[in-house]
Each structure stands twice: as structure tokens, then as C-alpha cells.
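# Reading the structure
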Amino acid sequence: DGSFAPWEKLGAGIRSFAYGHGQDAVCGKELTGIGFRGLKGVYALPEGITAIGRGVFSGCAAEAVVFPSGLVSIGPDAFRTSSIRSAVFPQSLCDIGECAFRGSLLRTAVFPDHPVQIGRWCFSDTPLASAFVPDRTLADDGAFSGSPVF
């Protein structure tokens, strides 16, 4: 019916986000402009989302987000100061914006097995303790500064 559907709880504690046509939540296939600060738990973003816009999950209380298989880009500040603790990035991911996870609670990150462009201060000031970063990944200045793993 084109109406905005809220996050719904699915099996095993994973929640899914459904969106309708004509909403500010999705501009083309980029998730933009929504404050998800009140979310808790684990959430799955829908297939078809190719980009997460600036600051969409900044300050969010969700512990994990399941990224869609076609995600190409994570924008600046997307998860800044969020409670996200782990991230498994899809093989389609090409770039992660400046400060995307800065100051978050991220402890574990698994990157695609190909080089990814990582923006400045992207993972800085996180408790990142485990990360698989492929050879030839392009990390800008300070991308991992203040993180114990680097």
C-alpha cells in the first residue's frame, strides 16, 4: 500500500526494515535521513539498499546490523558513536566514508576479500580488537587510530 512500515521483529531476534514508496527513508536505493537512535538488538537491512547515507545510524543503540548483499557504500558518520559491536561487510562493498564507525563500540569487523576504500578516522576511537583487512585496502590517514587492533 506504499505506507511506511516500521522495523519488524523476525525470528531469532533479527529485525527487518521495510519501507514504502515516496518516503524520505529511501532515496533511490540509498538509505538516508532517518534517525535510528532508539533501535536495540540486531537488524537486517533489506536487499536492494546499495548505500547507507551520512549519519543514518549515528548514535544508534543497535548491537549489530546485517548488511544487504548488494551494499556498495557506507557514508560518512553512518554508525558514528553507535552501539554496533560487530560488522560483516558484504563482498559488494567498495567504500566506507570518513568517521563511519568512529567512536562506536565496534569490536569485530570482517571486510570483503578485495580492497576497500576506507575513509579518514573511519574506525578510530573504537575498541576494535579483531579485523580482517585485505591486502591493498586503501585506508586514509588515521582510519584505525586509537583502535587496539592497529
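Scroll up to find the structure this text is about.
In this text, all values refer to a predicted model and were calculated from it rather than measured experimentally.

### Observations concerning unusual backbone geometry
Peptide bonds are, in most cases, trans, and in most cases residues other than glycine have a negative phi. One non-glycine residue, cysteine 99, adopts positive backbone phi at about 60°. Relative to the helices and strands, cysteine 99 resides in the loop between strand 10 (95-96) and strand 11 (108-110). A relative accessible area of 5% places cysteine 99 in the buried class. You will see that aspartate 125, though not glycine, has its phi angle at about 60°, which is positive. Along the chain, aspartate 125 turns up in the loop between strand 12 (117-118) and strand 13 (130-132).

### Considerations on the packing of aromatic side chains
Following the criterion strictly, the structure yields nine aromatic pairs and no others. For the pair phenylalanine 111 and phenylalanine 123, a centre-to-centre distance of 5.6 Å together with 80° between the ring planes defines the contact as edge-to-face. Of the two residues, phenylalanine 111 is situated in the loop between strand 11 and strand 12 and phenylalanine 123 in the loop between strand 12 and strand 13; the sequence distance between them amounts to 12 residues. Judged by relative accessible area, phenylalanine 111 falls into the buried class, the value being 3%. Judged by centre distance (5.2 Å) and plane angle (10°), the rings of phenylalanine 123 and phenylalanine 144 are stacked.

What counts, and at which threshold
- Residues numbered from 1 in each chain as written.
- Predicted model: local features only at pLDDT ≥ 70, side-chain atom pairs only at ≥ 80, totals over all residues.
- Heavy atoms only, no water.
- Helix = DSSP H or I, 4+ residues; strand = E, 2+ residues; numbered from the N terminus.
- Buried < 20%, exposed > 50% of the residue type's maximum accessible area, 1.4 Å probe, protein only.
- Phe/Tyr/Trp six-rings, centres within 6.5 Å; stacked < 30°, edge-to-face > 60°.

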